[in-house]
Amino acid sequence: KSLKIDSLKAWKDLNIQEEGKAFAGTAVYTTAFNVDKVNPKLHYTLDLGKVEMIATVTLNGEKLRTLWTTPYSVDLGGFIKNGKNILKVEVTSSWFNRLVYDASQPEIQRKTWTINGPKQDSPLRDNGLLGPVVLKY
């Protein structure tokens, strides 16, 4: 499903159903931004801020890099353009939150199983693109 958000926050803090707050997998964030005129003398970098856990950055249809640790930043040189730029960030989480959610469900409704997973009352972890996302030059 698509979800339009006006600020970056952990998936567990979104105003969605409980099962969605425990999502495990990859969520895709997309946005557009304008650059009046790219200055070839400047160095453009995208800083994603805080990411939980892994992020793949695509700009204008070109996959730039997969980031799995700090700093979550990527050089945009050669990919940023004059006018409208389309940014896509795919964030992949671990399955911890899903295991917590499933531990609270009747066995027949569970989608995951493990020998020794987290307990149903374990707090959900902050997953997602948490930001702030900043274009630096």
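From a predicted model like this one, the values you see are computed outputs, not experimental measurements. (Residues numbered from 1 in each chain as written. Predicted model: local features only at pLDDT ≥ 70, side-chain atom pairs only at ≥ 80, totals over all residues. Heavy atoms only, no water.)

A. Region of the structure containing the overall build of the chain. Of the regular secondary structure elements, the chain holds two helices and nine strands. Each helix (α) and strand (β) of the chain, taken in turn from the N terminus, gives the series α-β-β-β-β-β-β-β-α-β-β. Here the chain holds 137 residues, and the buried ones make up 35% of them. Here the contacts in the chain between residues at least 6 apart in sequence split such that 70% fall between residues at least 24 apart. Summed over its atoms, the accessible surface of the chain is roughly 9100 Å², and 51% of this surface lies on carbon and sulfur atoms. Charge-centre separation for the chain: the mean point of 19 positive side chains lies 4 Å from the mean point of 14 negative side chains. (Helix = DSSP H or I, 4+ residues; strand = E, 2+ residues; numbered from the N terminus. Buried < 20%, exposed > 50% of the residue type's maximum accessible area, 1.4 Å probe, protein only. Contact = heavy atoms within 4.5 Å. Areas by Shrake-Rupley, 256 points an atom, 1.4 Å probe, with all protein chains shown as cover. Lys, Arg positive; Asp, Glu negative; His and termini not counted. Charge placed at Lys NZ, Arg CZ, Asp CG, Glu CD.)

B. Molecular detail of the side chain of D102. Topologically, D102 is positioned in helix 2 (residues 96-103). Within the local environment of D102, its side chain forms a polar contact with the backbone nitrogen of K111, the two atoms lying 3.0 Å apart. Setting aside residues up to four positions removed in sequence, D102 forms contacts with R110, K111 and T112. (Polar contact = N/O pair within 3.5 Å; in protein donor to acceptor, adjacent residues only side chain to side chain.)

C. Fine view of the pairing of strand 5 (residues 62-67). Summarising the sheet, strand 4 (residues 54-59) and strand 5 pair through five bridges and their orientation is antiparallel. Along strand 5, the bridge assignment pairs A55 with L67. What sits between the antiparallel neighbours strand 4 and strand 5 is a turn of two residues, in which N60 has the positive phi angle 55°. (Pairing = 2+ DSSP bridges.)

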